[in-house]
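What follows is each chain in one-letter form.
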Amino acid sequence: MNFERERTACFTGHREIKRDFDVSVLDAAIVDAINNGYNTFLCGMAYGFDLKSLERLNIIRKRYENIKAVACVPCPEQSKNFSAKDRKKYNELLKTVDEVIIVSPKYDEYCMKERDRFMVDNSSLLISYLYTASGGAYYTTKYAVDKNLDIVYVK
């Protein structure tokens, strides 16, 4: 799939979703992106916010035509250490996407960041669930800032 960067958005967020997280804010960010011409959404498929984002996108995109979901998987064994519940959700959600892109053929210390950079480099909007200045969500958001993406913060 070739991405039209100006119409592609991606998600990043922490693996732990706080209890007070308001999913309607995420829904509103997705709908707003669609209403502003975004038709392709890249998801990194990590448990937590990534899977929640794809889950919500799938609900929302039933109301719209031609909205694509792309799973950007850092390596084939990404879900190996997920809990049984998260691995089940991962596998179910993987079946719902329009395309799966495996960024690295095997796990190594760089594949997660490579996946994050791939998503940012192919998007013009980042929807970010960021509540602490550490970890992959922070790295991805900072990278998106450096690449001048529009960023919508959801809390």
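Look above for the structure.
Reading the values: rules and limits
Residues numbered from 1 in each chain as written. Predicted model: local features only at pLDDT ≥ 70, side-chain atom pairs only at ≥ 80, totals over all residues. Heavy atoms only, no water. Helix = DSSP H or I, 4+ residues; strand = E, 2+ residues; numbered from the N terminus. Rg over C-alpha atoms; globule rule 2.2 N^0.38 Å. Buried < 20%, exposed > 50% of the residue type's maximum accessible area, 1.4 Å probe, protein only. Contact = heavy atoms within 4.5 Å. Areas by Shrake-Rupley, 256 points an atom, 1.4 Å probe, with all protein chains shown as cover. Lys, Arg positive; Asp, Glu negative; His and termini not counted. Charge placed at Lys NZ, Arg CZ, Asp CG, Glu CD. Axes fitted to C-alpha atoms, helices over the stretch in contact; angles between N-to-C directions. Parallel < 35°, antiparallel > 145°, perpendicular 65-115°, else oblique. Left-handed = near helix turned anticlockwise from the far one by under 90°. Nonpolar A, V, L, I, M, F, W, Y, C, P; charged D, E, K, R; others polar. Pairing = 2+ DSSP bridges. Right-handed = clockwise from strand over helix to strand, strands pointing away. Phe/Tyr/Trp six-rings, centres within 6.5 Å; stacked < 30°, edge-to-face > 60°. Lys NZ or Arg CZ within 6 Å of the ring centre and 35° of its normal. Core = buried A, V, L, I, M, F, W, Y, C linked by side-chain atoms within 4.5 Å.

Time to look at the overall build of the protein. A tally of regular secondary structure across the protein gives 5 helices and 6 strands. When the helices and strands of the protein are listed from N to C terminus, the series reads β-α-β-α-β-α-β-α-β-α-β. Rg of the C-alpha trace for the protein: 14 Å, near the compact-globule value of 15 Å for 155 residues, within the 12% margin. Buried residues in the protein amount to 48% of all 155 residues. Pairs at least 24 residues apart make up 81% of the contacts formed inside the protein by residues separated by at least 6 positions. Put simply, the protein shows about 8,200 Å² of open surface, and 46% of that area lies on carbon and sulfur atoms. Averaging the positions of the 24 positive and the 22 negative side-chain charges in the protein gives two centres separated by 5 Å.

Not every positive phi belongs to a glycine, and Met 45 is a case in point at roughly 65 degrees. Its relative accessible area of 0% is what places Met 45 among the buried residues. Of note in this structure, Asn 148 is not a glycine but carries a positive phi near 60 degrees. Along the polypeptide, Asn 148 turns up in the loop between α5 (135-146) and β6 (150-153).

Before going further, it helps to examine the packing of helix α1 (residues 23-35) against helix α2 (residues 49-60). Between α1 and α2, whose axes approach to 10 Å, the crossing angle comes to 60 degrees. In terms of orientation, α1 and α2 fall into the oblique class. For the crossing formed where α1 meets α2, the hand is right-handed. Judged by residue contacts, Val 23, Leu 26, Asp 27, Ile 30, Val 31 and Ile 34 of α1 engage Phe 49, Lys 52, Ser 53, Arg 56, Leu 57 and Ile 60 from α2. Among the residues making up the contact of α1 with α2, the classes are represented as 8 nonpolar, 1 polar and 3 charged.

Let us now look at the pairing of strand β4 (residues 99-102). Only one face of β4 is covered, namely the face carrying Glu 99 and Ile 101; the face carrying Val 100 and Ile 102 is uncovered. Here strand β3 (residues 68-73) pairs with β4 via 4 bridges, running parallel. Counterpart to Cys 72 in the pairing with β4 is Ile 101. Handedness of the β-α-β unit built from β3, helix α3 (residues 84-94) and β4 comes out right-handed.

When we look at a pair of aromatic rings, we describe it by the centre distance and by the angle of the planes. Within this structure, the stated rule accounts for 8 aromatic pairs. Aromatic side chains Tyr 129 and Tyr 131 sit 5.3 Å apart centroid to centroid with 70 degrees between the ring planes, which places their arrangement in the edge-to-face category. The exposure class of Tyr 129 is buried, given its relative accessible area of 3%. Classification of Tyr 131 by relative accessible area gives partly exposed; the value is 32%. An aromatic cluster is defined as three or more aromatic residues linked by ring pairs; in this entry it consists of Phe 21, Phe 49, Tyr 129 and Tyr 131. In this structure, Arg 15 is placed above the aromatic ring of Tyr 47, and the distance from its NZ or CZ to the ring centre is 5.6 Å. In this arrangement the basic side chain of Lys 113 is found over the ring face of Tyr 139, its NZ or CZ atom lying 4.8 Å from the centre.

With that settled, the discussion passes to the nonpolar core. The biggest cluster of nonpolar side chains holds 30 residues, and the ones touching the most others in it are Phe 11, Ile 30, Phe 41, Met 45, Leu 54, Leu 57 and Ile 127. Contributions of two or more residues to this core are made by β1 (8-13), α1, β2 (40-43), α2, β3, α3 and β5 (125-129). For Leu 54, the residues in contact, after removing those within four places along its chain, are Cys 43, Met 45, Ala 69, Leu 93, Thr 96 and Val 97. Counting 13 residues, the second-largest nonpolar core is a separate cluster that includes Cys 72, Val 103, Ala 144 and Leu 149.

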